[in-house]
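Chain by chain, the residues:
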Amino acid sequence: MRNTRRTLLTAIAAVGALTSVAACGGGSDSSASGSGKSGGTYNFWDPYPQFDASSAWGKLVTKCGTDAGAKVKRTSMDTTDLGNKALLAAQQGNAPDVMLVDNPVVSTLVEAGILNKTSDLGLDTASIQKNILGAGTIDNASYGVPIGANTLALYYNKKILSAAHVDPASVKDWNSLTAALKKVKAAGKKGITFSAINTEEGSFQFLPWFWGAGGDLTKLNSAKGVAALSLWKQWVDGGYAPKDVLQNTQTTSWQEFATGDYAFSENGTWQLGNADKAGFPYGVISIPGQNGGSAPVPTGGEFVTVPVQKDSSRYDVSKKIVTCLTNSANLLATDTTLTYVAPTAQVQAQQVKQNPELKPWVGAVAAARGRTSGGLGTKYPTISQPLWTAVQNALSGGKSPQAALDAAQTAASKG
Amino acid sequence: MKSPKGKRRYTVIGVLLTALMLFPVYWMINVSITPQQDMRKTPPDLLPLHPTFEGYRAVLDDQMPYLGTSLLIGLGTVALTLVLAAPAGFALAKLRPLGGGALGLTLLVAQMIPGIVMAMGFYGIFLDLDLLNSWWGLIVADSTIAVPFGVMIFTAFMSGIPGELISAARIDGAGTWRTFRSVVLPVSRNAVVTVSLFSFLWAWSDFVFANTLDGGGSWRPITLGIYKYIGNNNQEWNAIMATAVVASIPAAVLLVLAQRYVAAGVTAGAVKD
Amino acid sequence: MTIARVDRRSQRSPARSGATGTGQRTDASDLRRRQRRSSRLTALAFIAPLVVYLAAFYLYPLYRNLDLSLRDYTVRSFVQGDAPFSGLDNFRTVLDDPTFGPAMRHTVIFTFASIAFQYVAGLALAVFFNRHFRLAGTLRALFLIPWLLPLIVSASTWSWMFNSESGVINYALHLVGVSPVDWLNSPDWALTSVVIANIWIGIPFNLVILYSGLQNIPGELYEAASLDGAGAWQQFRRITFPLLRPVSAITLLLGLVYTLKVFDLIWIMTKGGPGDGSSTLATWSYQLGFGTLLPKFGPGAAVGNILILIALVFGLLYIRVQRRQEA
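If you're wondering where the values come from, they're calculated on a predicted model, not measured in any experiment.

Peer 1: Describe the overall build of chain A, naming the residues involved and giving the relevant values.
Peer 2: A count of helices and strands for chain A gives 18 helices and 11 strands. With respect to the three principal axes, the spread of C-alpha positions in chain A is 90 × 60 × 45 Å. Classification of the 415 residues of chain A by burial places 61% in the buried group. Within chain A, contacts between residues at least 6 apart in sequence are counted, and of these 76% link residues at least 24 apart. One way to put it: in chain A the 36 positive side-chain charges average out to a point 4 Å from where the 29 negative ones average out.

Structure follows, in structure tokens:
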């Protein structure tokens, strides 16, 4: 009897200990985190885990915080994670105070109702280029300030092209590009590498070709869309592009180009720094349209947003932080580090003066389109996913380009 | 009686099999010292011809705190799992509580829930209990991976303990708790080591819980530390692989030490036939 | 033993029991009932922490997931929290989706192929290492290394090895004259590639548990068998395998439950691609909820629940078989 009671008491004590550890441990942590739970600390999320606290960006964030009179707690995470985490956090009332998100995610977060309009906060977006701002504009209201923009173009390896007797200036449309690839392959080198992975990166890389054929995202299976997909399929089947484009991220595609075996690589502004380290002379041309001219390219880049908080008095400091991060001087520094194009004409001019190699990119960004612009908004994700699936199905040989895009259009219209 | 030559044959085969099994690990080490521009070389270098140690330099500079946190979380998970699972396993094996069968089924179902479902559920609970972004909260979360399994292992091993051992203790006047502590546990050393091994390894390599529940904490495990090298637009593979190599070393040492105990029998010398 | 104790107790207090035999019998049964109650309370005390733990940490996520699958959640209602009840609509959407068939098929193939090979390899290795040759212990410990590696690293290493251009496996095939295989790019091979990687990762688990099980088989049985002239294979078939059955059963069941949940590996290697080439229910569930820019939590949770149901069916099957064996 005595033993039983002792055992029972021990068990209850164990359970009690467990819960008290949880509660006690929690108590000592409450001062360090939680928006709204304590006055002085503001939560800041960004998708740059490669920049730690001692980096220029990390120091800038801290400084903007102290200038605004607050302590900033910065958390960086993988960019695909950030959108999901933001939704989860907002659901529990734990959203950060300032958040940098990749531009196609903005429409999803707006749909969830967790972002504030820049006009409501009194943020000035007048000097920002309209097409760059457009990616974060839903129903004529903008929901974030872009930190910078980037886009896609064709990098080429000068040595390989001259050895294959290809003049980069001759690459004006799809036919001339394919002809160039043929010549490169005949000279014993590899043609082109890009990313056709089954994530948003794949859609991002496919869009210049899709739009270059005159395709419309609301009609994926039009003849123009099929033409674009057939072009890629032709390259993969003909050996001008490697089969592993289906797994390539834009980074691994760049690593392939950096081996020095590939003539062309479809990649973005942010690779400029790596291009200089590549060890061979390189050049950049804009992606050709099907019948000539430059293909429309999609805008990339992150937006600085201010999620909705229960305590609206926090917006004063958040607004100051955002304004600090996006003032001209800081934009120049940040966009130089990230190798993005600045969103305002004034800072762009300064960038080009510092680094003339950025000139073609500035022009490309000026001609670029937002993925969620053109009234697509939250419809874009429901189109993008079937689109990258179609690309995968066609390039892997599972379906013909027409059949793949037909299936994609059916899935996209279901929403 | 096996001749020494026969035994040597086994050793050779064993080494060959192990080498085959560990080839991907070798490849991982190979990648960790490959410079960035050779990452996608065709055909790949079987031996690292131009080794670079910048990955390891980055790891030694950045990752040591993460490794320490991982170790802490691993050991904490082992402790918590043993405390919860061993008594319960003993009860299910020997004490026959009411609803024992239902509990067995519940433990099975508990292991079927996908990790991401658990993590999403925990987010709310942890936020309310203020356990988010803390390493002790992560210990509690990681233990949910190991506890049901631990109970099953303890139940299985402890049902194999002969009843005479326990009755002998009872006759000597020991209560149930005393019996458990002084007789059952020492004899279940095999099971204790097995459960500790599993719970440590599962906690060590957990990513889902760490990412969802400790993403913003100041004490983060190594599985999150690796993501430092997976930025928005770049992935430093040699640093990532170097982190994995460095992260495997302490765990590998623990493994070699622990496997000696996993081999011991259950009732070694406790009951004479 | 217990009876002796009862006798001893009743011997200690003859005065209370009285002179009649019935009095003694009532006393004994009273004592037994009290002992049963106390032992039941003790048992309860031992499992109470576990029960509280299970209720707190497993019931709530399960309930959340059920709730997600039974309501019509948009991104807005996920955050704001006022989603209308939609019954089995999400399940119907999932079952009608063209991805459901392939995902189901792939789940079956992936699970059964993985478990079969993992188990056989684990058993073979366990028996092999049981021969106690030199270095056996160290080699066995080294076999567990695949388990230590963070999954992102193992999965990435395998996906690099399988790369159709710069992967070492195609290079090795090239050296023996076989043309390169599109391991991760073709719908025919993608599933095979993830199965191979999964088998590699699962062998340590099987090895450890089966090896521990082997330790419980007394060596005398083998000695007696070899004295009777039984060869190694006969010893395995007649002694090892039958005696290992309970451990094998639990290994297979747990293997099934864990393999059904596998998602990280496939996600990192192929993300379920190309197209749907290597999608399983687990990856599809994640894809719906987190792999897209516009999450569909309802269908994602529905697929997750279907997965749990399948695992539950096998769990109940296992318990039924186990009970029949005990009876």
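Peer 1: Go over the interface of chain B and chain C with me, naming the residues and quoting the values.
Peer 2: Taken residue by residue, the interface counts 93 residues in chain B and 83 residues in chain C. Between chain B and chain C, the buried area comes to about 8000 Å², and carbon and sulfur atoms account for 80% of it. At the boundary of chain B and chain C, one finds 0 salt bridges. Between chain B and chain C we count 7 residue pairs in polar contact (both at pLDDT 80 or more) in total. For the side of chain B that touches chain C, the class distribution of residues is 72 nonpolar, 16 polar and 5 charged.

Peer 1: Summarise helix α9 (residues 176-187) of chain B; cite the residues concerned and give the values.
Peer 2: Residue and element names in this part refer to chain B. Counted at 1.5 Å a residue, the expected span for α9 with its 12 residues is 16 Å, and the 15 Å between its end C-alpha atoms agrees. Buried within α9 we find Thr-176, Thr-179, Phe-180, Val-184 and Val-187. Viewed along the axis of α9, the buried residues span an arc of 95 degrees, placing them on a single side of the element.

Peer 1: So what's going on with the environment of Ile147(A)? Residues and values would help.
Peer 2: All names here are of chain A. Take Ile-147: it is sitting in the loop between β6 (145-146) and β7 (152-157). We classify Ile-147 as buried; its relative accessible area is 0%. Each C-alpha atom of the pair Ile-147 and Gln-346 lies 14 Å from the other, and the pair is 199 residues apart in sequence. The residues contacting Ile-147, other than those within four sequence positions of it, are Tyr-48, Trp-57, Leu-100, Glu-302, Val-304, Leu-325, Leu-331, Thr-334, Asp-335 and Pro-343.

Peer 1: How would you sum up the nonpolar core? Please name residues and give values.
Peer 2: Trp57(A), Leu217(A), Trp235(A), Phe264(A) and Phe129(C) are the most contacted members of the largest nonpolar core, which has 298 residues in total. Tallying contributions element by element places helix α11 (residues 190-215) of chain C first for this core, with 15 residues. The residues touching Trp57(A), leaving out its near neighbours within four places in the chain, are Phe44(A), Asp46(A), Tyr48(A), Phe51(A), Arg74(A), Leu100(A), Ile147(A), Leu325(A) and Thr334(A). Tyr262(A), Leu272(A), Leu358(A) and Val362(A) belong to the second largest nonpolar core, which has 19 residues in total.

Peer 1: Just give me the short version of the sheet that holds β7(A), but keep the residues and values in it.
Peer 2: Residues and elements named next belong to chain A. Spatially, the 4 strands line up as an open sheet ordered β8-β9-β7-β10, and their pairing is mixed. Among the strands making up the open sheet, the edge pair consists of β8 (190-193) and β10 (282-285). For this sheet, the mean inter-axis angle between neighbouring strands, taken without regard to orientation, is 20 degrees. Here β8 runs beside strand β9 (residues 262-268); their pairing, made up of 3 bridges, is parallel. Within β9, the residue paired with Thr-193 across the bridge is Ser-265.

Peer 1: Can you tell me about the packing of aromatic side chains, naming the residues and giving the values?
Peer 2: Taken as a whole, this structure holds 60 aromatic pairs over all chains when the rule is applied. With a centroid separation of 5.5 Å and 25 degrees between ring planes, the pair formed by Trp233(C) and Phe236(C) is classed as stacked. Remark: Phe236(C) and Trp233(C) occur in helix α13 (residues 232-243); sequence separation between them is 3 residues, near one turn of the helix. Clustering of aromatic rings is evident, with ring pairs tying together Trp174(A), Phe194(A), Phe206(A), Trp209(A), Phe210(A), Trp232(A) and Trp235(A). Across from the ring centre of Tyr42(A), 4.2 Å away, lies the NZ or CZ of Arg314(A), which sits over that ring. If you follow Arg369(A) out to its NZ or CZ, it ends over the ring of Trp211(A), 4.6 Å from the centre.

Peer 1: Account for the pairing of strand β3 (residues 98-102) of chain A, with residues named and values stated.
Peer 2: Residue and element names in this part refer to chain A. The element β3 is largely enclosed, with a buried count of 5 among its 5 residues. Neither face of β3 is open: one carries Val-98, Leu-100 and Asp-102, the other Met-99 and Val-101, and all of them are buried. Of the pairings in the sheet, the one linking strand β1 (residues 41-46) to β3 comprises 2 bridges and is parallel in character. Bridge pairing in β3 places Phe-44 opposite Val-98. By the bridge criterion, 4 bridges tie β3 to strand β11 (residues 302-305) in an arrangement that is antiparallel. When the bridges of β11 are listed, Val-101 appears paired with Phe-303.

The rules we used
Residues numbered from 1 in each chain as written. Chains lettered and ligands numbered in written order. Predicted model: local features only at pLDDT ≥ 70, side-chain atom pairs only at ≥ 80, totals over all residues. Heavy atoms only, no water. Helix = DSSP H or I, 4+ residues; strand = E, 2+ residues; numbered from the N terminus. Buried < 20%, exposed > 50% of the residue type's maximum accessible area, 1.4 Å probe, protein only. Contact = heavy atoms within 4.5 Å. Lys, Arg positive; Asp, Glu negative; His and termini not counted. Charge placed at Lys NZ, Arg CZ, Asp CG, Glu CD. Buried area = accessible area lost by both parts, 1.4 Å probe. Salt bridge = Lys/Arg side-chain N within 4 Å of Asp/Glu carboxyl O. Polar contact = N/O pair within 3.5 Å; in protein donor to acceptor, adjacent residues only side chain to side chain. Nonpolar A, V, L, I, M, F, W, Y, C, P; charged D, E, K, R; others polar. Expected span 1.5 Å × (residues − 1). Arc of directions from axis to C-beta. Core = buried A, V, L, I, M, F, W, Y, C linked by side-chain atoms within 4.5 Å. Pairing = 2+ DSSP bridges. Axes fitted to C-alpha atoms, helices over the stretch in contact; angles between N-to-C directions. Phe/Tyr/Trp six-rings, centres within 6.5 Å; stacked < 30°, edge-to-face > 60°. Lys NZ or Arg CZ within 6 Å of the ring centre and 35° of its normal.

Limitation: the analysis is restricted to geometry and does not speak to function.
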